[in-house]
Amino acid sequence: MKQMLDEFRRWQLWFPFAMVLIAAVSLYDTFLTIKFRDMMIYMEENPVGYWLMAICEGEVGLFIQLKLAGTMVVLLLLFWMKIRESRMTLPVTGSLASYQCWLMAYLTLA
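Reading the values: the criteria
- Residues numbered from 1 in each chain as written.
- Predicted model: local features only at pLDDT ≥ 70, side-chain atom pairs only at ≥ 80, totals over all residues.
- Heavy atoms only, no water.
- Patch = residues over 30% accessible without salt bridge, like charges linked within 9 Å, V, L, I, M, F, W, Y side chains within 5 Å.
- Areas by Shrake-Rupley, 256 points an atom, 1.4 Å probe, with all protein chains shown as cover.
- Salt bridge = Lys/Arg side-chain N within 4 Å of Asp/Glu carboxyl O.
- Helix = DSSP H or I, 4+ residues; strand = E, 2+ residues; numbered from the N terminus.
- Buried < 20%, exposed > 50% of the residue type's maximum accessible area, 1.4 Å probe, protein only.
- Phe/Tyr/Trp six-rings, centres within 6.5 Å; stacked < 30°, edge-to-face > 60°.
- Arc of directions from axis to C-beta.
- Contact = heavy atoms within 4.5 Å.
- Polar contact = N/O pair within 3.5 Å; in protein donor to acceptor, adjacent residues only side chain to side chain.
- Axes fitted to C-alpha atoms, helices over the stretch in contact; angles between N-to-C directions.
- Parallel < 35°, antiparallel > 145°, perpendicular 65-115°, else oblique.
- Left-handed = near helix turned anticlockwise from the far one by under 90°.

> Tell me about a nonpolar patch on the surface, and please be specific about residues and values.
Nonpolar side chains collect at one region of the surface, where Val48, Trp51, Ile55, Leu62 and Leu66 lie side by side and expose about 470 Å² of accessible area between them. Where the nonpolar patch is concerned, the elements lending two or more residues are helix H4 (47-55) and helix H5 (61-83). No other element matches H4, which puts 3 residues into the nonpolar patch. By the element assignment, valine 48 lies in helix H4. By relative accessible area, which is 52% here, valine 48 ends up exposed.

Below you can see the structure in the form of structure tokens.
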């Protein structure tokens, strides 16, 4: 019985770990955006991000605000799905966490 309880507790940790991973990669991406803000207008590969910087004449302020707001919306929606015990919580959260791992590798190695 103890082994089953330990296994259950271990599976309960996946969601908080995925949430922290998603938030941490987003913050790392924001850090890099601020660090390289002078070059971001030339380096940004996201067309929406490029457009936001273009309308602000190369400034990254609006871009960062909307990026962080989007991250907060995603985290709140995932939390809402978890509370409602949606059966889509694991695939959606897992997909986002996987993408964030890919993004972290891309930002670090590229």
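> Give me the packing of aromatic side chains: which residues, what numbers.
Per the stated rule, a full pass over the model turns up 3 aromatic pairs. Note on tryptophan 14 and phenylalanine 15: the rings are 5.4 Å apart at their centroids and 80° apart in plane angle, and the pair reads as edge-to-face. Owing to a relative accessible area of 22%, tryptophan 14 belongs among the partly exposed residues under this scheme. An aromatic cluster is present here, built from Tyr99, Trp102 and Tyr106 joined pairwise through their rings.

> An account of H4 is requested, with residue identities and associated values reported.
Those residues of H4 lying buried are Gly49, Leu52 and Met53. Projected down its long axis, H4 shows its buried positions confined to an angular sector of 95°, all on one face. With respect to the buried face of H4, the exposed residues turned more than 90 degrees away are Pro47, Val48 and Trp51. For H4, the elements touching its buried residues are helix H3 (40-43) and H5. For H4, the N-terminal cap is asparagine 46; the gap from its side-chain oxygen to the backbone nitrogen of valine 48 is 2.9 Å. Two residues or fewer after H4 comes glutamate 57, characterised by a positive phi angle close to 55°.

> I'd love a proper account of the pattern of salt bridges, names of residues and values included.
Per the counting criterion, the structure on display carries 1 salt bridge. The salt bridge partner of aspartate 29 is lysine 67, with a shortest N-O separation of 3.0 Å. One end of the pair, aspartate 29, is in helix H2 (residues 14-35); the other, lysine 67, is in helix H5, and 38 residues separate them in sequence. Across the pair, exposure class does not vary: aspartate 29 and lysine 67 are buried alike.

> If you had to explain the packing of H5 against helix H6 (residues 89-109) to someone new, which residues and values would you point to?
Where H5 meets H6, the axes come as close as 10 Å, and the angle between the chain directions of the two elements is 155°. Relative to H6, the element H5 is oriented roughly antiparallel. In the crossing of H5 with H6, the sense of the turn from one axis to the other is left-handed. Two secondary-structure elements touch here, H5 through Val74, Leu78, Met81 and Lys82 and H6 through Thr89, Val92, Thr93 and Leu96.

What is shown is where atoms sit, not what they do.
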